[in-house]
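# Summary of the model geometry
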Amino acid sequence: PTYHPKAWVVGVEIEGTSKAYAFSELEKAQAPVRDRVNGRTILIHYNRQARSATVSDEHGKPIPSVMAYWFAWYAFHPDTAIFQAQ
């Protein structure tokens, strides 16, 4: 799917594999969202009130992530995978 260019996403890159999590999709999902990127289990913690998100591993250790507009994330990660809520 394509998102509005100014849709907020949290993006993660693990060992060359990137994935974007649109806030609109995170709002539909049960928090925290458990997912796998490049074979690693990650948790996305979305805060609806603050409209922010953080990412950690399954042990709670923070994983570097970027909150950005969709157009900016996609410009730097054109091969990004995209999370879709069930």
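Residues numbered from 1 in each chain as written. Predicted model: local features only at pLDDT ≥ 70, side-chain atom pairs only at ≥ 80, totals over all residues. Heavy atoms only, no water.

### With respect to the overall build of the protein
A count of helices and strands for the protein gives two helices and seven strands. Against the 2.2 N^0.38 benchmark of 12 Å for 86 residues, the protein shows a C-alpha radius of gyration of 12 Å, consistent with a compact globule. Once the C-alpha set of the protein is aligned to its principal axes, its extents read approximately 35 × 30 × 20 Å. Within the protein, the fraction of its 86 residues that count as buried is 42%. Of the contacts formed within the protein by residues at least 6 apart in sequence, a portion of 47% connects residues at least 24 apart. Surface accessibility of the protein: about 5,300 Å² in total, with carbon and sulfur atoms responsible for 51%. On the protein, the mean spot of the 9 positive side-chain charges and the mean spot of the 8 negative ones are 5 Å from each other. (Helix = DSSP H or I, 4+ residues; strand = E, 2+ residues; numbered from the N terminus. Rg over C-alpha atoms; globule rule 2.2 N^0.38 Å. Buried < 20%, exposed > 50% of the residue type's maximum accessible area, 1.4 Å probe, protein only. Contact = heavy atoms within 4.5 Å. Areas by Shrake-Rupley, 256 points an atom, 1.4 Å probe, with all protein chains shown as cover. Lys, Arg positive; Asp, Glu negative; His and termini not counted. Charge placed at Lys NZ, Arg CZ, Asp CG, Glu CD.)

### Description of the packing of aromatic side chains
For the structure on display, the rule yields six aromatic pairs. Members of the aromatic cluster, each reached through a chain of ring pairs, are Tyr-3, Trp-70 and Tyr-74. Directly above the ring of Tyr-69 sits Lys-6, whose terminal nitrogen or CZ lies 6.0 Å from the centroid. (Phe/Tyr/Trp six-rings, centres within 6.5 Å; stacked < 30°, edge-to-face > 60°. Lys NZ or Arg CZ within 6 Å of the ring centre and 35° of its normal.)

### Focus: the side chain of His-77
In this fold, His-77 is placed in the loop between helix H2 (70-76) and strand E7 (81-82). Taking relative accessible area as the criterion, His-77 reaches 15% and is therefore assigned buried. Not counting chain neighbours up to four residues away, the residues in contact with His-77 comprise Glu-13 and Ser-18.

### Some words on the sheet that holds strand E1 (residues 8-14)
Strand pairing in a sheet takes place through backbone hydrogen bonds and is either antiparallel or parallel in direction. One open sheet holds the four strands; their spatial order is E6-E1-E2-E7, and the pairing between them is mixed. Either end of the sheet is taken by a strand with one partner, and the two such strands are strand E6 (66-69) and E7. Two elements, E1 and strand E2 (residues 17-22), share six bridges in a ladder whose sense is antiparallel. From the neighbouring strand, Val-10 faces E2, where its bridge partner is Tyr-21. (Pairing = 2+ DSSP bridges.)

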